[in-house]
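# Survey of secondary and tertiary structure
So you can see what is in the structure, the chains are spelled out below.
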Amino acid sequence: MAFYVTTPIYYVNGEPHLGHAYSTIAADILARHHRQRGEDVFFLTGTDEFGEPVAQQAEREGVTPRELGDRLAPRFKEMAAKVNASNDFFIRTTDEGHQRRVQEVVQRVYDNGHVYEGMYEGWYCPRCADFKTEAEIEDGNRCPIHKIELTREKEKNWFFRLSAFQEELEKLYAERPSFVEPGFRRNEALAFVRQGLQDVSLSRRRLKWGVPVPWDTDQVIYVWFDALLNYYTALSYARDGEDLTPLFWPAFHILAKDILKFHAVYWPAFLMAAGIEVPKGMFIHGFLLMEGHKMSKSLGNVLDPDQVIEMFGADALRYYCFREVSFGRDGQISPQGFEARYETELANEYGNLANRSLSMIGRYRDGVVPSADPEAELASAFEGVVERVRGLLDESELTHALDEIWKLVRRLNQYVEETAPWKLAKDETDSERLDSVLYGLAEGLRVTTLLLHAYMPDTTGRLLDALAEPDRGLPEFGSRGGGQILAELDPLFPKLQKAQ
RNA sequence: GCCGGAGUAGCUCAGUCGGUUAGAGCAGCGGAAUCAUAAUCCGCGUGUCGCAGGUUCGAGUCCUGCCUCCGGCACCA
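Residues numbered from 1 in each chain as written. Chains lettered and ligands numbered in written order. Predicted model: local features only at pLDDT ≥ 70, side-chain atom pairs only at ≥ 80, totals over all residues. Heavy atoms only, no water.

What the rule picks out here adds up to 34 salt bridges. Arg318 serves as the salt-bridge partner of Asp28, at 2.8 Å between the closest nitrogen and oxygen. Placement of Asp28 in helix α1 (residues 18-36) and of Arg318 in helix α12 (residues 314-324) is noted, with a sequence separation of 290 residues between them. By relative accessible area, which is 0% here, Arg318 ends up buried. Close ionic contact of Glu343 with Lys495 constitutes a salt bridge, the shortest N to O distance being 3.9 Å. On the criterion of sequence distance, the pair formed by Glu343 in helix α13 (residues 335-365) and Lys495 in the segment after α19 (457-466) is long-range, its members being 152 residues apart. What emerges from the salt-bridge pattern is a single network uniting Arg323, Glu324, Arg341, Glu345, Glu349, Asp403 and Arg410. (Salt bridge = Lys/Arg side-chain N within 4 Å of Asp/Glu carboxyl O. Helix = DSSP H or I, 4+ residues; strand = E, 2+ residues; numbered from the N terminus. Buried < 20%, exposed > 50% of the residue type's maximum accessible area, 1.4 Å probe, protein only.)

What follows covers the packing of α13 against helix α16 (residues 398-419). Relative orientation of the contacting elements α13 and α16 amounts to 45°, with a least axis distance of 10 Å. Between α13 and α16, the angle is such that the two are oblique. Remark: the crossing between α13 and α16 carries left-handed chirality. Mapping the contact onto sequence places Glu345, Leu346, Glu349, Tyr350, Leu353, Arg356 and Met360 in α13 and Trp406, Val409, Arg410, Leu412, Asn413, Val416 and Glu417 in α16. (Axes fitted to C-alpha atoms, helices over the stretch in contact; angles between N-to-C directions. Parallel < 35°, antiparallel > 145°, perpendicular 65-115°, else oblique. Left-handed = near helix turned anticlockwise from the far one by under 90°. Contact = heavy atoms within 4.5 Å.)

This part covers the environment of Pro268. Tracing the backbone shows Pro268 in helix α10 (residues 260-274). In this structure the C-alpha to C-alpha distance between Pro268 and Ile309, which are 41 residues apart in sequence, comes to 37 Å. Residue contacts for Pro268: discarding those within four places in its chain leaves Leu169, Leu172, Phe179, His263 and Val278.

Another point: the sheet that holds strand β3 (residues 89-92). As summarised here, the arrangement of the six strands in space is β3-β2-β1-β12-β13-β7, forming an open sheet in which the pairing is parallel. Two strands close off the open sheet at either side, each with one partner strand: β3 and β7 (180-181). Where α1 meets the sheet, its contacts fall on β1 (2-11), β2 (40-48), β12 (252-256) and β13 (281-285), and the angle it forms with β1 comes to roughly 170°. Sheet strands in contact with α10 are β7, β12 and β13, and its direction is about 145° off that of β12. (Pairing = 2+ DSSP bridges.)

Another aspect to go through is the sheet that holds strand β9 (residues 203-204). Overall, antiparallel pairing links the three strands, which are arranged β9-β11-β10 in an open sheet. Both outer strands of the open sheet, β9 and β10 (212-213), are each paired with one neighbouring strand and no more. Across two bridges, the pairing between β9 and strand β11 (residues 216-221) is antiparallel. The residue of β11 that forms the bridge with Ser203 is Ile221.

Laid out in structure tokens, this is it:
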């Protein structure tokens, strides 16, 4: 089995923020989970560097677009590393390998007769060197950036015959209901297609910052087509001298709702036109909202992932994002909420569960997990849980899967109270029961922790080491006997000093 | 305007094919315990299930109308 998951490629007209990290973490959790299943996984992220907005941002900063990309791409690369993303490659659309492959695919679409020359007419800003949409034009027919008056211009463009794919797209949605998830996003895409599709321009003549159209080098490919193709092109050159496409294509995409249309409509149509298999599917997530607003620089409500990671660690951030907000929907986040979940759930419930379990095995059994059978009462709480989590993650239900796992954490704390090992330890006749209880705790903790491993790779790794569990695959409750010698473990989620 | 979704406990939400006293987490109040990062566990809810009708033996769950909010509606990263 192979699993290929992608994040959107991030646009280099600004610094990375939590919104980018969110998509990356989501894809990473899926990638790690599929590796736990023993599958061949390829996980891609990267940067989108062509197009008008980058050219403009570069102009504002007095640098070339290339220089802007060279400065910002490493920032996004660092961000991926900081959130502990296990991506197998980092693509930049300025890569030679990408550009070459884009030209090949676009040429194929052209050869297949899905491209024609047309006239694009619209409001043009000479400073931007591009056309403006009706929505962006400011009062007085002015450019929103340069504030100068726009002129009505025409330009010869190459157009992609998107309209020809309406029927095929409808068929795709009908035959593969999970192609776009969650379902309400699929409905949006479907409604959009049913209204009728208009051809879209595939190239820009006046803009120079892009991949040249192979049969007409006076023009560059419209940034969206070059950008989407990253998912396909990366496989062809990510490994020197090896084409991974046959192994990993088609991809599964993670993206936010603002780019649904491009991914759910343009993208599969374009692939069909090129004669390439459409993606396996895609999951569209919502926005993380701070104080009710989308995070944006202009609103000044950006939650800086660097800061959060420095204080709480990457795992805590990874956990919080998918615990607090139901994945797929918009949701509120806040520093207060973050601290509350860190303290009550990570430190008190989970961290302390690990601590007390290890401590009791240390105290009552010299740090060796007893060889015993778990009590049925505890075992039943774990019945079928791995399958449920797998099933939920197959549907990218990151939050629901985490809910399911967290019930185990709570069940284990309950179990400790119910069985009160400290009482059992006082009476020699309860020795056998105590073995059973302590074994159950160690085993339950192991299973729970392996399930959490995709979400919080670092801390769970530390705990698994302490549990003397070398394996990182998906577990089964009761599959491991006792006898392991436990190691010392520092608190997984130390409480912060209360700030004054 | 058109299409779609949502309106359930103070807050965030779950309620599958209509069926027993409508649930969870958080917050709040009370209690137990001491293995543990003073961490945990137990108990406590008089909710017009947006409003008004209707179908049904029976509706949060289906139908109609209305109110409120949100999203999508073509080239916007």
